[in-house]
Amino acid sequence: MIQHEEFRDHLERLGILHGCSDRRERNQGFGYGRKGEVIANRGRFLRGVHPAFQIGAGVGMIWPRPGGEETIAVIGASQGGEGMMAPRSGPACDVMILMPGQMRAVGANGREARYLFVATGDCIPVLMADPVTRTLALVHASRESLLCAMPRQAVEYLGRYAGVDPENLVVLFGPGIRTYELEHLTAASDGDRQDGLRDYVTPNAAGTGVLFDLFGFARHLVVSAGVPDSQIYEFAEIDTLTDERFASHRRAKMTGEPEWRHAAVIGFAPDD
């Protein structure tokens, strides 16, 4: 497991717990291994983040079908454990939001535990936490959801419906692919949702397409929603395409290696 080591103490003082698995925690994705092994792998990873992060005390995102990239799921009190112990059992969305009072789950130490979880293999997990309102959000930042400006939509939703001031929001970018090669760039037909996009697109070396800077554009979207740049943390220089500690769908297609998935989680420390 890896964490934002430089900022971990600061985040923990705010009550924010986070972690990203790597190859040491093995496959975290249903569909890439036996169900029982995935559950065991997830359990070990979560306990490494915090003992109260029991596998049934959180919610695991599953990706929506094409066309569902703008789905935002607000997690309810009865959804603890969804998506964690069975394939296709979690909310299908690209944004999950957990507001105070929506979920109460008792961990092994008898205290409250809350977290959001996603398994990925190139797409960027964008983890958000507001220590003032104790609201959580998780964005699955794929190429498609970034073109729909979902990180910005998530921040705006938090402000509108959860009373979150973007200046209080802490945002963490987990491991992902740094650039994505496209044959063409879809025109910005959705008004200001794609404002600034072309600043993060450059022609590829062969002149046959463009390279899309996913991390750069994701950060732009969050900052444009009002989150201070100083409160955005990133695993520096990690590129899942080339870093074999992490799963990569594109690398597997290139090399023929077996597919698997790493995971990211964010939650608040249980109250003492």
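Scroll up a little and you will see the structure.
Draft legend 1. Inspection of the overall build of the protein chain at higher detail. Counting secondary structure elements, the protein chain contains six helices and 14 strands. Classification of the 272 residues of the protein chain by burial places 54% in the buried group. Considering only contacts within the protein chain whose residues lie at least 6 apart along the sequence, 70% involve residues at least 24 apart. Within the structure as shown, the protein chain displays about 11700 Å² of accessible surface, and the carbon and sulfur contribution to it stands at 49%.

Draft legend 2. View of helix H2 (residues 35-49). Across its 15 residues, H2 extends 21 Å between first and last C-alpha, which sits within 8% of the 21 Å expected from 1.5 Å per residue. Inspection of H2 places Val38, Asn41, Arg42, Gly43, Phe45, Leu46 and Val49 among the buried residues, and these make up the whole buried set.

Draft legend 3. Looking closely at the sheet that holds strand E13 (residues 232-234). Reading across from one edge, E3-E4-E8-E7-E9-E13 is the order of the six strands in this open sheet, with mixed pairing throughout. The open sheet has two edge strands, strand E3 (72-74) and E13, and neither has a second partner. Along the sheet, successive strands turn relative to each other by an average axial angle of 15°, direction set aside. Bridging between strand E9 (residues 170-173) and E13 involves three bridges; their strand directions are parallel. Of the residues in E13, the one forming a bridge with Leu172 is Tyr233. Sheet strands touched by helix H4 (residues 150-161): E3, strand E4 (95-98), strand E7 (124-130) and strand E8 (135-141). Its angle to E8, the strand with the most contacts, is close to 165°.

Draft legend 4. Inspection of the packing of aromatic side chains at higher detail. Scanning the model with the defined rule gives six aromatic pairs in all. Consider the rings of Phe53 and Tyr115, whose centres lie 4.9 Å apart with planes at 35°: the pair is tilted. Remark: Tyr115 occurs in strand E6 (residues 112-120) and Phe53 occurs in the loop between H2 and strand E2 (59-60); sequence separation between them is 62 residues. The exposure class of Tyr115 is buried, given its relative accessible area of 0%. Seen from their ring centres, Phe212 and Phe217 are 5.8 Å apart, and the 55° between their planes marks the pair as tilted. For Phe212, a relative accessible area of 0% translates into the label buried. Directly above the ring of Phe215 sits Arg178, whose terminal nitrogen or CZ lies 3.9 Å from the centroid.

Draft legend 5. Quick peek at H4. Over its 12 residues, H4 runs 16 Å from end to end, which matches the ideal 16 Å to within 8%, given 1.5 Å per residue. For H4, the complete set of buried residues consists of Met150, Pro151, Arg152, Ala154, Val155, Tyr157 and Leu158. The inward-facing, buried residues of H4 abut E3, E4, E7, E8, helix H3 (143-147) and helix H5 (214-224). Phi turns positive, to about 70°, at Gly163, one or two residues after H4.

Draft legend 6. Expanded view of the environment of Val164. Among the structural elements, Val164 can be located in the loop between H4 and E9. Taking C-alpha positions, Val164 is 9.6 Å from Pro131, a pair spaced 33 residues apart along the chain. Leaving out residues up to four positions away in the same chain, Val164 has contacts with Asp130, Thr133, Thr135, Leu158, Gly159 and Leu169.

Draft legend 7. Region of the structure containing the pairing of E9. Across the two faces of E9 the burial is the same, with Val170 and Leu172 and Val171 and Phe173 all buried. Of the pairings in the sheet, the one linking E7 to E9 comprises four bridges and is antiparallel in character. Across the sheet, residue Ala129 finds its bridge partner in E9, namely Val170.

Draft legend 8. A look at unusual backbone geometry. The phi angle at Arg26 is positive, at roughly 65°, despite the residue not being glycine. For Arg26, the position within the fold is in the loop between strand E1 (16-20) and H2. Judged by its relative accessible area of 55%, Arg26 falls in the exposed class. Although it is not a glycine, Ala149 sits at a positive phi angle of roughly 60°. The topology assignment puts Ala149 in the loop between H3 and H4.

Rules behind the numbers
- Residues numbered from 1 in each chain as written.
- Predicted model: local features only at pLDDT ≥ 70, side-chain atom pairs only at ≥ 80, totals over all residues.
- Heavy atoms only, no water.
- Helix = DSSP H or I, 4+ residues; strand = E, 2+ residues; numbered from the N terminus.
- Buried < 20%, exposed > 50% of the residue type's maximum accessible area, 1.4 Å probe, protein only.
- Contact = heavy atoms within 4.5 Å.
- Areas by Shrake-Rupley, 256 points an atom, 1.4 Å probe, with all protein chains shown as cover.
- Expected span 1.5 Å × (residues − 1).
- Pairing = 2+ DSSP bridges.
- Axes fitted to C-alpha atoms, helices over the stretch in contact; angles between N-to-C directions.
- Phe/Tyr/Trp six-rings, centres within 6.5 Å; stacked < 30°, edge-to-face > 60°.
- Lys NZ or Arg CZ within 6 Å of the ring centre and 35° of its normal.

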